[in-house]
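# Reading the structure
Next come the chains, spelled out residue by residue.
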Number of protein chains: 4
Amino acid sequence: MRPENKPDGQQRSFIEEARRRQIIAATVEVVSELGYANASLARIAERAGISKGVISYHFDGKDELMSQVVTQLYVSGSEFMAPILTAAIADGYRAALHAYLSSNLQFIDDNKSYVAAVGDIVLNVRGPDGTLRFDTADGEREIIAPLAAALAEGQRTGEFGDFDPSVLARLIRDSIDGVAVRAVRDPDFDVRRYRTHLIRMYDAVTRKDDR
Amino acid sequence: MRPENKPDGQQRSFIEEARRRQIIAATVEVVSELGYANASLARIAERAGISKGVISYHFDGKDELMSQVVTQLYVSGSEFMAPILTAAIADGYRAALHAYLSSNLQFIDDNKSYVAAVGDIVLNVRGPDGTLRFDTADGEREIIAPLAAALAEGQRTGEFGDFDPSVLARLIRDSIDGVAVRAVRDPDFDVRRYRTHLIRMYDAVTRKDDR
Amino acid sequence: MRPENKPDGQQRSFIEEARRRQIIAATVEVVSELGYANASLARIAERAGISKGVISYHFDGKDELMSQVVTQLYVSGSEFMAPILTAAIADGYRAALHAYLSSNLQFIDDNKSYVAAVGDIVLNVRGPDGTLRFDTADGEREIIAPLAAALAEGQRTGEFGDFDPSVLARLIRDSIDGVAVRAVRDPDFDVRRYRTHLIRMYDAVTRKDDR
Amino acid sequence: MRPENKPDGQQRSFIEEARRRQIIAATVEVVSELGYANASLARIAERAGISKGVISYHFDGKDELMSQVVTQLYVSGSEFMAPILTAAIADGYRAALHAYLSSNLQFIDDNKSYVAAVGDIVLNVRGPDGTLRFDTADGEREIIAPLAAALAEGQRTGEFGDFDPSVLARLIRDSIDGVAVRAVRDPDFDVRRYRTHLIRMYDAVTRKDDR
DNA sequence: GATGAATGAGAGTTCATTCAT
DNA sequence: CATGAATGAACTCTCATTCAT
């Protein structure tokens, strides 16, 4: 996670960046443990061992703080998965599908509380008009569309059999989201084992049917 | 939705039952529009056109109100789907699977805002210790386990092919939950069309593989 | 306790009188157990096994109800003690003093929760201006003055020695109030035993000193 | 009244201590004028000329605020009376008794509204189970027991005559409490004059009887 | 940069009272 | 006579935010 720049382009000092990370980490802890509704700035500050005002100083408000938490996870996820996907695509679309499932589940397994926190935030932060700030239809399309396109491309190359790409893309997405929920909620849920099953399942669904 | 009895066994008067329904309806509206966090009793009362105190009079507190909303949907859903499933099972497990998917999606499509509200409530209501009050691991098992059992039984009768029943049960569940999210979020999402695709997809996954 | 008449002079029906007594009894129970502050009309009605509205029907409001509780105890106390005192005075002022102490303590011992409730009410019911409605300086004088007068009369007849009658009257009153507090608070406090000591003590204080 | 430390041992800042004193003073005013039941945080804040939230900021809640008021008076009283009693005991138990009565009444006279407020608080603050939080049987014993012990010791040294020490201790206590009530309620009540009578009275009661 | 103090709005809840039935 | 339903005000408490130091 490289230091981001301020909105006005100025670079943040090292110490400021550290503070922001500290606050974000505390936010993730509190939100994942107590839920968004109970994650007051006071509690976050207490968890971080700092004064309440510091948060207001470093973030424009509660919403911006939460935004940053979401963005962080998104960026982290991309940074983690992008190289894996890039490497896999060289071995074909089936390999890429495996890598997609695998890396997603791996990332979830490695960042359970972060995922839990972001899940909670995304479903709760709303604009003044009451509409969700994140988790919009746009967001969905950014994820579903490329996945569907890759699946369709795999069909074109003959690696995949016949199915509706955009439906399967949604199915895959829902499977991954489902894993996230279970991994967060049930400490006994074995993501690694489930991953094997999931890959096998989607292998069967996408295989070329030569009957 | 028949009138429920009070905890102490006394039956509720007709007028009380009506008020409760009215308040629950207003709650569903407000929660689905503004989210659980913004669904204050004041706003719910305002929406229902009544005074704040009436809610406290008819419900033991905010938590009980929300509990009732959740319970109502669960009961309604069961009442809607149970006969459909019972009828379908006579035609075999494949027919039952079709009916399961179909009735679930139908119910979601018919009760979008209710589904949205309950989804929000379930993810936000917590006990004093910070743990979620609904949406426990138990709840999941109550849904996944019977579904997995039915799938396994279908395998035993030879209607279904080879797959891990409990994994597929989760996949199916996640698909349905995914539909719920989309139906709620995206007004253009065509549940009926998606249903056709979904059934075809799970048909393929469960089909007996004679190759 | 004879039925009182209504303010307008009309007599109350038997059934109405019964209801009032029932409500007052429930009030005493609730106030003595939970304190005046927690003695809501709802709780009193629940204790009496009746609906809230009944109280409003039979009493002009919460204040009047509480007033009646206080009055009842005052009347009961007078009815209990008056004949005892009247009888004793025939045997002289020392006997009357004994009877005064004895009957007061007896009454307290026999009506602990009633005494507790009235004590609580008297210290909490206030007028709109914030001043106590009962327990005024007037009330004190109604009690202290006659007692002091009797003590002075006893001095005049030569039964009592030298002391300030109005100071001793207050001392005696405070002793009795102290017993009430202890009897109410400490279930192990032995009023009968304490009474013996108290009488002996005030006997010594009032005895004619022939040194 | 020296600044107390926080429960966690940290010292309070000067400004915080000042605010707390200000709020406590306002609480005493409001409670003594309007009674505990009418002493809402809103009214206390208004009296103190501050916002409602400030009280919650400086005190853990209403109960803690009231606790502090009670504690303050207790501490102040001890600090006022302790040296007087210590000095007097050198002159014997009779002198100590005089000092006890005298200092108690002096303190009451000097802190009328404080005494009134604490009296009201002690009789009204209750735990969730409905039992009084202060004013327990323990509290009584802490006061009565040492006083009775001192009286008994005075008997052993031959300064006092024959009487039941624990009964007399209660009598004395009740006399003092009675003075507190009168001083609070009746602005014309002359505590200094009454003190003289009281001392003379208890002198007579405790004098060695050489008849 | 960081802090503690203060604000004011809004939360859920309880309550005495009124009133139609 | 009695009830249950409804009101509206008042309560304590929590919160995000602002600001002087």
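### Brief notes about the overall build of chain A
If you tally the helices and strands in chain A, you get nine helices and zero strands. Going residue by residue from the N terminus, the α and β elements of chain A occur as α-α-α-α-α-α-α-α-α. Counting only C-alpha atoms and orienting by the principal axes, one finds that chain A spans roughly 65 × 40 × 35 Å. Within chain A, the fraction of its 211 residues that count as buried is 46%. Here the analysis covers contacts within chain A between residues at least 6 apart in sequence; of these, 61% occur between residues at least 24 apart. Just so you have it, chain A exposes about 10500 Å², and 52% of that area is on carbon and sulfur atoms.

### Some points on the protein's contact with DNA strand F
Around DNA strand F sit 34 residues, and of these Lys62 of chain A, Arg19, Val54 and His58 of chain B together with Val54 of chain C come closest. Here the atoms of DNA strand F within 4 Å of the protein split so that 69% fall in sugar or phosphate, with bases taking the remainder. Here Lys52 of chain C contributes a side-chain N or O atom positioned 3.3 Å from a base nitrogen of DNA strand F. Take Lys62 of chain D: an N or O atom from its side chain is 2.7 Å from a phosphate oxygen of DNA strand F. Of all the secondary structure elements, the ones that give two or more residues to the surface near DNA strand F are α2 (41–48) and α3 (52–58) of chain A, α1 (14–34) and α3 (52–58) of chain B, α1 (14–34) and α3 (52–58) of chain C together with α2 (41–48) and α3 (52–58) of chain D. Residue composition of the surface near DNA strand F, by class: nine nonpolar, 14 polar and eleven charged.

### Some points on the environment of Thr71 of chain D
Residue placement: Thr71 of chain D occurs in helix α4 (residues 62–89). Taking the C-alpha atoms as reference points, Thr71 of chain D and Val118 of chain D, 47 residues apart in sequence, are found 9.2 Å from one another.

### Structural notes on the relation of the copies chain C and chain D
Aligned on chain D, chain C shows an RMSD of 0.2 Å; the corresponding rotation is 179° and the shift along the axis is 0.0 Å. Both chain copies can therefore be described as sitting about a two-fold axis. In terms of C-alpha distance to the rotation axis, chain C has Asp174 of chain C as its closest residue, with the C-alpha 2.8 Å off the axis. Most of the interface of chain C is mirrored in chain D, where 97% of its interface residues are also at the interface.

### Things to note about the interface of chain A and chain B
The interface is formed by 39 residues belonging to chain A together with 38 residues belonging to chain B. Interface area for chain A against chain B, summed over the two sides, is near 3200 Å², with a carbon-plus-sulfur share of 52%. When residues of chain A are sorted by the area they lose upon contact with chain B, Arg182, Arg185 and Met201 of chain A head the list and together hold 18% of the total. The tally of links between chain A and chain B comes to five salt bridges. Listed by contribution, the elements that provide at least two residues to the side of chain A that touches chain B are α1 (14–34), α7 (137–156), α8 (165–185) and α9 (191–206) of chain A. At ten residues, α8 of chain A tops the list of elements feeding residues into the side of chain A that touches chain B.

### Some words on the relation of the copies chain A and chain B
Under the fitted operation, chain A is carried onto chain B by 0.1 Å of movement along the axis and a turn of 179°, and the coordinates agree to an RMSD of 0.2 Å. A share of 95% of the interface residues of chain A reappears at the interface of chain B, consistent with the copies meeting face to face through the same patch.

### Quick look at helix α9 (residues 191–206) of chain D
Look at α9 of chain D: 22 Å from first C-alpha to last across 16 residues, which is about the 22 Å you get at 1.5 Å a residue. For α9 of chain D, the complete set of buried residues consists of Val191, Tyr194, Arg195, His197, Leu198, Ile199, Met201, Tyr202, Val205 and Thr206 of chain D. In the core, the buried residues of α9 of chain D are packed alongside α8 (165–185) and α9 (191–206) of chain C together with α5 (93–110) and α8 (165–185) of chain D. A distance of 3.1 Å separates the backbone nitrogen of Arg192 of chain D from a side-chain oxygen at the start of α9 of chain D, and that oxygen is part of Asp190 of chain D.

### Quick notes on the interface of chain C and chain D
Each partner contributes to the interface: chain C provides 39 residues, whereas chain D provides 39 residues. Of the roughly 3300 Å² buried at the junction of chain C and chain D (both faces included), carbon and sulfur atoms supply 52%. Summed over the shared surface of chain C and chain D, the number is four salt bridges. Residue Asp174 of chain D is joined to Arg182 of chain C by a salt bridge in which the shortest nitrogen-to-oxygen separation is 2.9 Å. Linking chain C with chain D are nine residue pairs in polar contact (both at pLDDT 80 or more). Broken down by secondary-structure element, the contributors of at least two residues to the side of chain C that touches chain D are α1, α7 (137–156), α8 and α9 of chain C. By residue number, the principal contributor to the side of chain C that touches chain D is α8 of chain C, which donates ten residues. Residue composition of the side of chain C that touches chain D, by class: 15 nonpolar, seven polar and 17 charged.

### Focus on the protein's contact with DNA strand E
Inspection of the region around DNA strand E gives 34 residues, with Val54 of chain A, Lys62 of chain C together with Arg19, Val54 and His58 of chain D positioned closest. Across the atoms of DNA strand E situated within 4 Å of the protein, the share located in sugar and phosphate is 72%. Within the side chain of Lys62 of chain B, one N or O atom sits 2.7 Å away from a phosphate oxygen of DNA strand E. Note that a phosphate oxygen of DNA strand E is positioned 2.9 Å from one of the side-chain N or O atoms of Tyr57 of chain D.

### Comments concerning the packing of aromatic side chains
This structure, assessed with the given rule, holds twelve aromatic pairs over all chains. Ring centres 5.1 Å apart and planes at 55° place the aromatic pair Phe189 of chain A and Tyr194 of chain A in the tilted group. With a centroid separation of 6.1 Å and an interplanar angle of 50°, the aromatic rings of Phe160 of chain D and Phe163 of chain D are classed as tilted. With respect to burial, Phe160 of chain D and Phe163 of chain D carry one shared label: buried.

### Things to note about helix α4 (residues 62–89) of chain A
For an α-helix the count is 3.6 residues per turn, leaving residues at separations of three or four pointing the same way. Residue and element names in this part refer to chain A. For α4, built from 28 residues, the straight-helix expectation of 40 Å at 1.5 Å per residue is met to within 8% by its first-to-last C-alpha distance of 40 Å. By the largest-angle criterion, Met81 marks the main kink of α4, which is about 30°, and a proline, Pro83, follows within four residues. Where α4 is concerned, the buried positions are Leu65, Met66, Ser67, Gln68, Val69, Val70, Gln72, Leu73, Ser76, Gly77, Met81 and Ala88.

### Topic: the packing of helix α4 (residues 62–89) of chain B against helix α5 (residues 93–110) of chain B
All names here are of chain B. As a packed pair, α4 and α5 sit with axes 9 Å apart at the nearest point and diverge in direction by 155°. Taken as axis vectors, α4 and α5 run roughly antiparallel relative to one another. Between α4 and α5 lies a crossing of right-handed hand. Together, Leu73, Ser76, Gly77, Phe80, Met81, Ile84, Leu85, Ala88 and Ile89 of α4 and Tyr93, Ala95, Ala96, Ala99, Tyr100, Ser103, Asn104, Gln106 and Phe107 of α5 make up the contact between the two elements. Here the contact of α4 with α5 is built from residues that sort into 13 nonpolar, five polar and no charged.

### Considering the arrangement of the chains
These two, chain A and chain C, are apart from each other, with no contact and a minimum C-alpha gap of 30 Å. Structurally, chain B and chain D remain out of contact, their C-alpha atoms never closer than 17 Å.

### Quick word on the packing of helix α6 (residues 112–122) of chain C against α8 of chain C
Residue and element names in this part refer to chain C. Viewed as axis vectors pointing N to C, α6 and α8 meet at an angle of 115°, and their least axial separation amounts to 9 Å. With respect to their mutual orientation, α6 and α8 come out roughly perpendicular. When the axes of α6 and α8 are compared, the crossing they make is left-handed. Mapping the contact onto sequence places Lys112, Val115 and Ala116 in α6 and Ala180, Ala183 and Val184 in α8. Its residues assigned to classes, the contact of α6 with α8 comprises five nonpolar, no polar and one charged.

### What about the pattern of salt bridges?
Counted according to the given criterion, the structure contains 40 salt bridges over all chains. Here Glu64 of chain D ties to Arg20 of chain D by a salt bridge, and the two come within 3.7 Å at their closest N and O atoms. Of this pair, Glu64 of chain D sits in helix α4 while Arg20 of chain D sits in helix α1 (residues 14–34), and the two are 44 residues apart along the sequence. We note a salt bridge from Arg94 of chain D to Asp203 of chain D, for which the minimum N-O separation is 2.6 Å. Of this pair, Arg94 of chain D sits in helix α5 while Asp203 of chain D sits in helix α9; the two residues are 109 residues apart in sequence, bridging distant segments of the chain. Taken together, the salt bridges that share partners define one network made up of Glu29, Glu33 and Arg47 of chain A.

### Details of the side chain of Asp174 of chain D
Here Asp174 of chain D shows up in helix α8. Asp174 of chain D sits in the buried class, given a relative accessible area of 6%. In this view, Asp174 of chain D contacts Asp174, Ser175, Gly178, Val179, Arg182 and Tyr194 of chain C; residues no more than four positions away in its chain are not counted.

Cut-offs and rules
Per chain, residue numbering runs from 1 following the sequence as it is written. Chain letters start at A and ligand numbers start at 1, both assigned in the order the entries are written. Where totals are concerned, whole chains, interfaces and linings use all residues; where local detail is concerned, this predicted model gives features only for residues with pLDDT of at least 70, and gives and counts side-chain atom pairs only at 80 or more. The basis for every side-chain value is the complete set of non-hydrogen atoms in the structure, without hydrogens or water. Put simply, DSSP H or I for four residues or longer makes a helix, DSSP E for two residues or longer makes a strand, and each gets a number counted from the N terminus. Only protein chains enter the calculation, and the probe is 1.4 Å; a residue is then buried if its accessible area is under 20% of its type maximum, exposed if over 50%, and partly exposed in between. Throughout, a residue-residue contact means that at least one pair of heavy atoms, one from each residue, lies within 4.5 Å. Residue exposure ignores everything except the shown protein chains as possible cover, and the areas themselves are Shrake-Rupley values with a 1.4 Å probe. When we say a residue is near a molecule or strand, we mean one of its heavy atoms is within 4 Å of it. For this analysis, a polar contact is any N or O atom pair within 3.5 Å, provided that within protein one partner can donate a hydrogen and the other can accept it, and provided that sequence-adjacent residues contribute only side-chain to side-chain pairs. As a working rule, the residues Ala, Val, Leu, Ile, Met, Phe, Trp, Tyr, Cys and Pro are called nonpolar, Asp, Glu, Lys and Arg charged, and the rest polar, with Gly in that last group. Least-squares fitting of one copy onto the other uses the C-alpha atoms of those residues that reach a pLDDT of at least 70 in both copies. Accessible area that two parts lose when put together, with a 1.4 Å probe and added across both, is what the buried area reports. What makes a salt bridge here is a side-chain nitrogen of Lys or Arg within 4 Å of a carboxyl oxygen of Asp or Glu, nothing more. A helix is expected to span 1.5 Å for every residue after the first. Pairing of aromatic rings covers Phe, Tyr and Trp, the last counted by its six-membered ring, and requires centre-to-centre distances within 6.5 Å; plane angles under 30 degrees mean stacked, over 60 mean edge-to-face, and any other angle means tilted. At any given residue, the bend is defined as the angle formed between two axes, one fitted to the seven residues that end at that position and one fitted to the seven that begin there. What counts as an axis is a line fitted to C-alpha atoms, over the stretch in contact for a helix, and the angles between N-to-C directions run from 0 to 180 degrees. Here the word oblique covers every angle except those under 35 degrees (roughly parallel), over 145 (roughly antiparallel) and from 65 to 115 (roughly perpendicular). Handedness of each helix crossing follows the sense of rotation of the near helix against the far helix: counterclockwise by less than a right angle gives left-handed, clockwise gives right-handed.

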